[in-house]
Amino acid sequence: MRTESKLSVYERIVERIKRDISLGIIAEGERLPSCRELALEMGVNPNTVQHAYSTLEEQGVIYTIPKKGVYAKKSKADALHEAEEQIRLLKAAGVTREQLESLMNKVYREDIND
């Protein structure tokens, strides 16, 4: 890893992963390397990678599934665009606004009851 950067090592890892996700190098839902794997690859301490992953999770860029790994998250803008496309397909299939609203209310109620 280059050392000329004014960013700390963990910040460079954060920026690299964000860049790779935005460029499609890391696909949405793709599993990222473990902290240990990435630390070995980059020649840094695993705690540094853990700090970067924690930062990325706080920023909503990645998510962790315990005992499964760390995964790239879809951006909110991408998710909304995908939802809009699905709504258009549902509308074309004859689903009414009331049916869609009912479905959305059901989904959001489930979140409250969890």
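Quick look at the structure, then. Model, not experiment: these values are computed from the prediction.

### A few points about the overall build of the protein chain
Thinking step 1. Broken down by element type, the protein chain carries five helices and three strands.
Thinking step 2. Here the C-alpha atoms of the protein chain give a radius of gyration of 19 Å, more than 25% beyond the 13 Å that 2.2 N^0.38 yields for 114 residues.
Thinking step 3. Along the three orthogonal principal directions, the C-alpha set of the protein chain runs to about 55 × 30 × 20 Å.
Thinking step 4. Within the protein chain, buried positions represent 22% of all 114 residues.
Thinking step 5. Contacts spanning at least 24 positions in sequence make up 48% of the contacts within the protein chain whose residues lie at least 6 apart.
Thinking step 6. Looking at the protein chain as shown, the accessible area adds up to about 8,700 Å², and 53% of this sits on carbon and sulfur atoms.
Thinking step 7. Charge centroids of the protein chain, computed over 18 positive and 19 negative side chains, lie 2 Å from each other.

### Notes on the nonpolar core
Thinking step 1. Ile 13, Ile 17, Leu 32, Val 49, Tyr 53 and Ile 62 are the most contacted members of the largest nonpolar core, which totals 19 residues.
Thinking step 2. Counting residues per element, the ones that place at least two in this core are helix 1 (9-22), helix 2 (35-42), helix 3 (46-58) and strand 3 (69-72).
Thinking step 3. Other than its neighbours up to four places away in sequence, Val 49 contacts Ile 13, Cys 35, Leu 38, Ala 39 and Val 44.

### With respect to the pattern of salt bridges
Thinking step 1. In the structure shown here, the tally under the stated rule is five salt bridges.
Thinking step 2. Taking the shortest distance from any N to any O, the salt bridge between Arg 16 and Asp 20 comes out at 3.9 Å. With Arg 16 and Asp 20 both in helix 1 and four residues apart, the pair spans about one turn of that helix.
Thinking step 3. The exposure class assigned to Asp 20 is buried, which follows from its relative accessible area of 8%.
Thinking step 4. One salt bridge in this structure joins Asp 20 and Arg 19, with 2.8 Å as the shortest N-O distance.
Thinking step 5. Connected via shared salt-bridge partners are Arg 16, Arg 19, Asp 20 and Glu 41.

Reading the values: rules and limits
Residues numbered from 1 in each chain as written. Predicted model: local features only at pLDDT ≥ 70, side-chain atom pairs only at ≥ 80, totals over all residues. Heavy atoms only, no water. Helix = DSSP H or I, 4+ residues; strand = E, 2+ residues; numbered from the N terminus. Rg over C-alpha atoms; globule rule 2.2 N^0.38 Å. Buried < 20%, exposed > 50% of the residue type's maximum accessible area, 1.4 Å probe, protein only. Contact = heavy atoms within 4.5 Å. Areas by Shrake-Rupley, 256 points an atom, 1.4 Å probe, with all protein chains shown as cover. Lys, Arg positive; Asp, Glu negative; His and termini not counted. Charge placed at Lys NZ, Arg CZ, Asp CG, Glu CD. Core = buried A, V, L, I, M, F, W, Y, C linked by side-chain atoms within 4.5 Å. Salt bridge = Lys/Arg side-chain N within 4 Å of Asp/Glu carboxyl O.

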